[in-house]
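Structural overview
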Amino acid sequence: MGEPLLRLQNVTAGYGDAVVLNDVSLDIAESGALAVLGRNGVGKSTLMLTIMGFTQMRAGRVFWRGQDISRQPPHWRANNGIAWVAQEREIFPSLSVEENLTVAAQRGAWTLETIYQMFPRLSERKRNMGNQLSGGEQQMLAIARALMTNPSLLLLDEPFEGLAPVIVEELIRAVKQMLAGQKLAIVLVEQHTDVALELTANAIVLERGAVMHRAPSAELQKDTETLERYVGLRVAAEH
Ligand SMILES: Nc1ncnc2c1ncn2[C@@H]1O[C@H](COP(=O)(O)OP(=O)(O)OP(=O)(O)O)[C@@H](O)[C@H]1O
């Protein structure tokens, strides 16, 4: 086993005096895919923010390719291969689709051409302004913009939330394509448990900021007891 791409070692972190994550440890391998599950408010987004360097670390360390980056600011992490798609998407409303894509682009396999192949809708709308897009198109753009930085790790925070099923299908196909094609690892926070487990190799379940359970995703998919206890059956019940 080589060095993990990302390692969180006994990380306790939060906002100011409020501690949200408690003694969280996890590894993500190069090209790995990790699902982060758990009910609302357990700290899933805070985990993403901590990987990006936006929270206050109280204890523990974060390693990137074996290097301790615990004190590196968010822009260092972004410049060194960690990309984050926030729940809020945060695309630039007054820039065109194409400008949104090129504004933070870095060299690599993801270019306008490969992005437009994966998201033909964005190609059709490349001259539209960010604020003229539907919710689904905005989410595509947010993911595409993150890919244009040619990251080694992509953090996706509830990318399918609130989108029409047909758009969710399109995004799932795109995520599969991303994982199959390029050397890219993902951390996926998702309320749609079945989708999250289908897309990933491994999963952790958070409860009150701590890792309560970890398992290969295929195993957790069958473990309805754990899913019921810590995640709820919101999505499983829909199938
Ligand atoms: N900026 C902040 N300042 C202080 N507390 C915060 C902040 N953001 C989140 N929290 C608190 O941290 C806890 C975990 O929130 P977080 O958003 O990480 O959970 P989550 O699992 O992602 O939930 P959700 O599924 O609702 O997004 C909550 O109690 C929340 O109130």
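Scroll up for the structure.
So, a few notes on the structure that sits alongside this text. Throughout, a residue's number is its position along its own chain's written sequence, starting from 1. Restriction of local features to residues with pLDDT of at least 70 applies here, the model being predicted, together with a cutoff of 80 or more for giving and counting side-chain atom pairs; totals for whole chains, interfaces and linings are based on all residues. Side-chain metrics rest on all non-hydrogen atoms present in the structure, leaving aside hydrogens and water.

Positive phi outside glycine occurs at Asn-10, with the angle close to 50 degrees. Of note, the phi angle at Arg-208 is positive, near 45 degrees, even though the residue is not glycine. By relative accessible area, which is 71% here, Arg-208 ends up exposed. Under the scheme applied here, a residue whose accessible area is under 20% of the maximum for its type counts as buried, over 50% as exposed, and between as partly exposed, the area being computed with a 1.4 Å probe on protein chains only.

For the rest of this paragraph, the subject is the side chain of Thr-200. Only DSSP runs of H or I covering at least 4 residues are called helices, and only runs of E covering at least 2 are called strands; the numbering of each starts at the N terminus. Relative to the elements of secondary structure, Thr-200 occurs in the loop between α8 (193-199) and β9 (202-207). With a relative accessible area of 9%, Thr-200 lands in the buried category. Side-chain atoms alone can form a polar contact between residues adjacent in sequence; in general such a contact is a pair of N or O atoms within 3.5 Å, and within protein one must be able to donate a hydrogen while the other accepts it. One polar contact links the side chain of Thr-200 to the main-chain carbonyl oxygen of Ala-196, over a distance of 2.7 Å. Separated by 2.8 Å, the side chains of Thr-200 and Ser-217 make a polar contact. In what follows, residue pairs with any heavy atoms lying within 4.5 Å of each other are defined as contacts. Excluding anything up to four places from it in sequence, Thr-200 contacts Ala-33, Leu-34, Ala-35, Leu-188 and Ser-217.

A few words now on the site of the ligand. Proximity is defined per residue: any heavy atom of the residue falling within 4 Å of a molecule or strand makes that residue near it. With respect to spatial proximity, 13 residues lie near the ligand, and among them Gly-41, Gly-43, Lys-44, Ser-45 and Thr-46 are the closest. A distance of 3.2 Å separates an oxygen atom of the ligand from a polar atom in the side chain of Asn-40. Contact between the ligand and Ser-45: an oxygen atom at 2.7 Å from a main-chain N or O atom of the residue. Taking 640 Å² as the accessible area of the ligand by itself, protein coverage stands at 57%. In terms of residue count, helix α1 (residues 44-52) provides more of the shell around the ligand than any other element does, three residues in total. Here the open area of atoms and residues is found with the Shrake-Rupley method and a 1.4 Å probe, where only the protein chains shown may cover a residue.

Below, the discussion takes up the sheet that holds strand β6 (residues 82-85). Pairing between two strands requires that DSSP report at least two bridges joining them. Taking strand neighbours across the sheet as the criterion, the six strands line up as β6-β7-β8-β3-β9-β10 in an open arrangement whose pairing is mixed. Edge positions in the sheet fall to β6 and β10 (210-216), since each has one partner strand and no second. Within this sheet the neighbouring strands show an average axis-to-axis angle of 15 degrees, counted without direction. Relative to β10, β9 is paired through six bridges, and the arrangement is antiparallel. Bridge assignment links Ile-204 to a residue of β10, and that residue is Arg-214. Here an axis means a line fitted to C-alpha atoms, over the contact stretch when the element is a helix, while the angle between two N-to-C directions is reported on a 0 to 180 degree scale. Lying on the sheet, α1 is in contact with β3 (33-37), β6, β7 (153-157), β8 (185-189) and β9; it crosses β7 at an angle near 150 degrees.

In this section: the pattern of salt bridges. Whenever a carboxyl oxygen of Asp or Glu lies within 4 Å of a side-chain nitrogen of Lys or Arg, that contact is scored as a salt bridge. Enumeration over the complete set of coordinates arrives at eight salt bridges. Taking the shortest distance from any N to any O, the salt bridge between Arg-7 and Asp-27 comes out at 2.8 Å. With Arg-7 in strand β1 (residues 6-15) and Asp-27 in strand β2 (residues 18-28), this pair connects stretches of sequence that are 20 residues apart. Judged by relative accessible area, Arg-7 falls into the partly exposed class, the value being 31%. By relative accessible area, Asp-27 is classed as partly exposed at 41%. Residue Arg-121 is joined to Glu-170 by a salt bridge in which the shortest nitrogen-to-oxygen separation is 3.1 Å. Residue Arg-121 is located in helix α5 (residues 120-124), and its partner Glu-170 is located in helix α7 (residues 165-181); the two are separated by 49 residues in the primary sequence. For Arg-121, a relative accessible area of 26% gives the class partly exposed.

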